[in-house]
Amino acid sequence: MQRLSGLDASFLYLETSAQVLHVCGLATLDGSSVPGGYSFRAFEERLRERVALIPAFRRKLHNSPWNLTHPVWVEDTEFDLDHHLHRIAVPAPGDRHELAALCAHLAGQPLDRSRPLWEMYVIEDIRTEDEATVAIFIKMHHASVDGVGGANLIAYLAGVSPDAPPPDPGEDARRNPAEPDRFALLRTSAASLAKRPAQAVKLLPELAAMAPRWIGRALRGKGMPVPFTAPRTLLNGTITGHRSVAYAQLDLAEVKDLKNAFGVTVNDVVLAIVSGALRRFLDDRDDLPADPLVATVPVSVHGRSEREHGSNKVSAFFASLPTHLADPAARVFALAENNRLSKDHHHSIDADMLQDWAQFAGPAVFGLAIRAYSALRLAERHPPAHNLVVSNVPGPPMPLYLLGARVTGLYPLGPVFHGAGLNITVLSNAGKIDFGLLGARELVPDLWPLAEGIGAALKELKAAAPGL
């Protein structure tokens, strides 16, 4: 029986029509690289072949009786690829703005929970300056994957050559569990529920010992920023289900040159670029605060976690983005020091703490709480916990072919939340760095100025870099 972890299930419980909690990705493809030329039917057959081998694409939710505990994954015995794969055309004139607007509309639509929690859209009739003639937009629910897991699933569909064979997971790994007997599920759910008080008692001493140290270090300025100390900006407010999307791409080699010139990490440079773009974006709108922005940065704990259960192996830390500093070089060095302190601070917390406490998440309490929070517009009545989400996902270092077509861009698009209506997710991809920007449309209706500011921030850093 594959029961969702509490962290996996919390993404279901916290979801509303305004706060949809799936992760998305936009892949632009060179259709001319497909042997024999691009064909939707050939693409569909390749996908059908791989979905038959990868159980994560065919599993659906099955609730426990009376929702005593978290749902389980079961095989969808009525799985039909036509419910998940859709063929559409981008509206005229078919440029990147129309493509992004179409993706924004799709990103705001919730997934059908009665089926496996993913959808893929093949988007045709694109008119761009590069070689991309077709795009793929994919949605996967956060209950099913985290950033690393989503990238791995995409990798299962891709290969390092146009005619790469499908993966072979082995006969035993090709199917999900069958729908469990109702009484067996009730028995295991009741047993799991009965263990929770003892589990909570076991976790409390660790939390009681950690909390004073964590808070004290933050207050002394020796770690990550304290939540609810972020300055209020146009990014912070109550969101609806409407989305805005934009994207940008940089050369990884240029970012590495900056890393070497400043003696920092690639991640430091990427965050400095994001900070520079945000500074320009907010300043142009007369909304640049005097204090630095605070970003939530999701962090994979796949390598540190001792828990084998669950799809989401993730934690997060708060990062200070020095948007208040006018000097681009000063922003790089400030980020390098802030990131070092924040990461040390974050590593002082047990990698499994978030997962362990999330086991106590309940659908009724979480659902009612988030709906009340939205209806009362409480995000506008207290200091922002953070301003935005910035995520960095490792990607493939070599060129990839997605179901036969060469990938020219791979732009991840993470979810937004009440109180923080912007998500910037970054992925390295075959010598490029791809930036995916997704926002709440009422708060940030047009993200293209911010996307274009990413290239401008890179040029600004190059002008300030010693020896470049």
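Bear in mind that the values here come from a model prediction, so they are computed numbers and not experimental data.

Conventions and cut-offs
- Residues numbered from 1 in each chain as written.
- Predicted model: local features only at pLDDT ≥ 70, side-chain atom pairs only at ≥ 80, totals over all residues.
- Heavy atoms only, no water.
- Pairing = 2+ DSSP bridges.
- Helix = DSSP H or I, 4+ residues; strand = E, 2+ residues; numbered from the N terminus.
- Axes fitted to C-alpha atoms, helices over the stretch in contact; angles between N-to-C directions.
- Contact = heavy atoms within 4.5 Å.
- Buried < 20%, exposed > 50% of the residue type's maximum accessible area, 1.4 Å probe, protein only.

Student: Help me out: how do you make sense of the sheet that holds strand β16 (residues 432-440) in this one?
Tutor: Two strands in a sheet stick together by hydrogen bonds in their backbones, pointing the same way (parallel) or opposite ways (antiparallel). Here we have six strands laid out as an open sheet, ordered β9-β16-β15-β12-β10-β11, and mixed in their pairing. At either end of the open sheet lies a strand with only one pairing partner, and these are β9 (243-251) and β11 (314-321). In this sheet, adjacent strand axes meet at a mean angle of 20° when their direction is disregarded. With two bridges joining them, strand β10 (residues 293-300) and strand β12 (residues 388-393) adopt parallel strand pairing. Of the residues in β12, the one forming a bridge with threonine 296 is valine 389. Helix α3 (residues 96-107) contacts β9 and β16 of the sheet and is inclined by roughly 130° relative to β9. Running at roughly 70° to β9, helix α6 (residues 252-262) makes contact with β9 and β16 of the sheet.

Student: In this structure, what is going on with unusual backbone geometry? I would like to understand it.
Tutor: The bulk of non-glycine residues show a negative phi, and the bulk of peptide bonds are trans. In the segment running from alanine 92 into proline 93, the intervening peptide bond is cis, with an omega of 10°. Phi at leucine 403 is positive, roughly 50°, even though this residue is not glycine. As for its placement among the helices and strands, leucine 403 is situated in the loop between β13 (401-402) and β14 (405-413). Of note, the phi angle at alanine 430 is positive, near 50°, even though the residue is not glycine. You can see alanine 430 is positioned in the loop between β15 (422-429) and β16.

Student: So what exactly am I meant to see when it comes to the environment of asparagine 338 here?
Tutor: Inspection of the secondary structure assignment puts asparagine 338 in helix α8 (residues 328-347). Take asparagine 338: its relative accessible area is 23%, and that puts it in the partly exposed class. The sequence separation of asparagine 338 and proline 225 amounts to 113 residues, and the corresponding C-alpha distance is 9.2 Å.

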